[in-house]
Amino acid sequence: MTDTSTDSPQPVPQLRVIPRDVHGVSRKQMSPNALRVLYRLREAGYGAYLVGGAVRDLLLGGQPKDFDVATDATPEQIKALFRNCRLIGRRFRLAHVIFGREIIEVATFRANGGDDEGDRQTDDSGRLLRDNVYGTIEEDAVRRDFTANALFYAIEDFSVRDYVGGYEDIQARVLRLIGEPEARYREDPVRMLRAARLAAKLGFSIDPATAAPIPRMAPLLAEASPARLFEETLKLFLTGHAVASFEQLERLGLLPVLLPETAQALAANSSGALRRMLLEGLGNTDHRVANGDPVSPAFLYAVLLWPAYCRTLAQLQAQGVQLAEAQRRAADRVTLHQLERTAIPRRFTVPMQEIWLLQPRFSLRQRKRVFRLLAHPRFRAAFDFLELRQVASDSHADDVAFWRQAQQHPVAALEGVSARAGTGDAAPDSAGREDVVPEAPQDDASAGAPRRRRRRRKPKAT
């Protein structure tokens, strides 16, 4: 570990002030609590600016989700001004001013160079480990990631202050990294994911110099914290632009690092059926987010890792593993391998596996099994997943039709089942096809566990 600043050359900040009558941003569009923080800091003699994504989104005509503030006050000085403030973070020291459910994040301007206390640390590869060197607004602008995120709204004159050309880039809808791209990605490899996410979210093109190093430097993501990669994955796929984010990950060569086994499975699936199903699932997620409906990370990961599960299951069967055992092993193996990259909490991995392992039970039509599956707490998610599988194979159409009816009128659905389906025998699946996972009848939620033998009663003594 070294205790130095980065060696990357920094652009020279050049201030451009965009007045209120030009940029069109109004205080009416801002959080009242953010305005309270800005005015309180200003009244105390500190500089205070709305900054980052909030300014960017307001300039684009959107409504920001969060409102962040930058100031020349230190975290301790901020805390002294607000009783409802707490200080967080080690890598970046921040102040959170809490108003009920809303949190206004306040950051002190940061510098690029070291200081006497040496409160900046990077590792030998240049990755930034700690950065609490405070500086000026000009220095703070230069050390931000993208030009579109380096704009400051000044509360005293309602202007937007631009030091790195971000205003022009927003007008041109271009995402451009500040500074030398390779050095900035080494400081924080997650910036590559942020580039993909912001380009997808905003509909921006990525500046060629910003995009060029990403495929080559993508392996650096493996050094990032698995917990942080999990959070970034949720931002990529659960904020309304999942399809565009996935396509950006593919385009930039980031998918094999973030979802390695899924990338391998998609590359091996020559029919493209698994990719179509995955994109359909992500599209449904975007639709739910747009409608304000809840979206579960468990279902998201069930979709994202399904190609990996299919491929692993086929490999285990090719090795002679019995189908029921292969299904359990495939689910466990794919989960464990992905956990090495992203720290998915167990409260999501367990229902994800249940969604997968319930799929074979949709081929069973015996009365007890039908009612048992309808009562399963994961039934609805598993059925939604079955509907998705129709995108990969139309062989599931009969099952989907039956279970749609069964949810409304289970008795009528059972009466309409053919004699063959009523025996509990599942129709033979297409084990040799690339777009269908081979399945076998399962007895219950144990997904293929051997039946218990019924103990014979001893004859009563006479």
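Residues numbered from 1 in each chain as written. Predicted model: local features only at pLDDT ≥ 70, side-chain atom pairs only at ≥ 80, totals over all residues. Heavy atoms only, no water.

Trainee: Explanation requested: unusual backbone geometry in the structure shown.
Mentor: Trans peptide bonds make up the majority, and among non-glycine residues the majority have a negative phi. Backbone geometry at Phe158 places phi at a positive 65°, although glycine is not the residue there. As for its placement among the helices and strands, Phe158 is situated in the loop between β9 (151–154) and β10 (160–162). Its identity as a non-glycine residue notwithstanding, Arg173 has a phi of 55°, on the positive side. Along the chain, Arg173 falls in the loop between α6 (166–172) and β11 (174–175). (Helix = DSSP H or I, 4+ residues; strand = E, 2+ residues; numbered from the N terminus.)

Trainee: Help me understand the nonpolar core in this model?
Mentor: Across soluble globular proteins, you tend to see nonpolar side chains buried next to one another. Core analysis: the biggest nonpolar cluster contains 73 residues, and Phe237, Leu249, Leu254, Tyr309, Trp356 and Phe385 have the highest contact counts within it. Here the element with the most residues in this core is helix α16 (residues 297–318); it accounts for 14 residues. The next biggest cluster of nonpolar side chains, apart from the first, holds 31 residues, and it includes Ala34, Ala95, Val97 and Val106. (Core = buried A, V, L, I, M, F, W, Y, C linked by side-chain atoms within 4.5 Å. Buried < 20%, exposed > 50% of the residue type's maximum accessible area, 1.4 Å probe, protein only.)

Trainee: Sorry if this is basic, but what is going on with helix α8 (residues 190–202) here?
Mentor: Counting along an α-helix, one turn takes 3.6 residues, and residues three or four places apart therefore face a common direction. With 13 residues, α8 should reach 18 Å at 1.5 Å per residue; the first-to-last C-alpha distance of 18 Å fits that figure. Most of α8 sits inside the fold, with 12 of its 13 residues counted as buried. Within two residues after α8, Gly203 carries a phi angle of roughly 70°, on the positive side. (Expected span 1.5 Å × (residues − 1).)

Trainee: Explain the packing of helix α18 (residues 346–358) against helix α20 (residues 379–389) here, please?
Mentor: Packed helices, taken two at a time, are described by their axes: the angle between them and the distance between them. Contact geometry of α18 with α20 gives a least axis separation of 9 Å together with a crossing angle of 60°. Taken together, the axes of α18 and α20 are oblique relative to one another. The element α18 and its partner α20 pack so that their crossing is right-handed. Seen from α18, the contacting residues are Ile355, Trp356 and Leu358; seen from α20, they are Ala381, Ala382 and Phe385. Looking at the contact of α18 with α20, its residues break down into six nonpolar, no polar and no charged. (Axes fitted to C-alpha atoms, helices over the stretch in contact; angles between N-to-C directions. Parallel < 35°, antiparallel > 145°, perpendicular 65-115°, else oblique. Left-handed = near helix turned anticlockwise from the far one by under 90°. Contact = heavy atoms within 4.5 Å. Nonpolar A, V, L, I, M, F, W, Y, C, P; charged D, E, K, R; others polar.)

Trainee: Would you mind showing me how to read the pattern of salt bridges here?
Mentor: A side chain of one charge can pair with a side chain of the opposite charge if their charged atoms are brought near each other. This model, assessed by the stated rule, comprises 25 salt bridges. The salt bridge partner of Arg161 is Asp157, with a shortest N-O separation of 3.6 Å. One network of salt bridges, in which partners are shared, links Arg42, Glu156, Asp157 and Arg161. (Salt bridge = Lys/Arg side-chain N within 4 Å of Asp/Glu carboxyl O.)

Trainee: I'm lost on the sheet that holds strand β6 (residues 102–108) in this one. Help?
Mentor: Sheet strands pair via backbone hydrogen bonds, and the direction of the pair is either parallel or antiparallel. Pairing within the open sheet is mixed, and its eight strands lie in the order β1-β10-β9-β2-β3-β6-β5-β4. A strand with exactly one partner marks an edge of an open sheet, and here the two such strands are β1 (16–18) and β4 (85–88). Averaged over all adjacent pairs, the angle separating strand axes in this sheet is 30°, with direction ignored. By the bridge criterion, four bridges tie strand β3 (residues 68–71) to β6 in an arrangement that is parallel. In the sheet register, Ala70 faces β6, and the bridge partner there is Ala107. With respect to the sheet, helix α2 (residues 32–43) is in contact with β2 (48–51), β3, β5 (94–99) and β6, its orientation differing from that of β6 by roughly 35°. (Pairing = 2+ DSSP bridges.)

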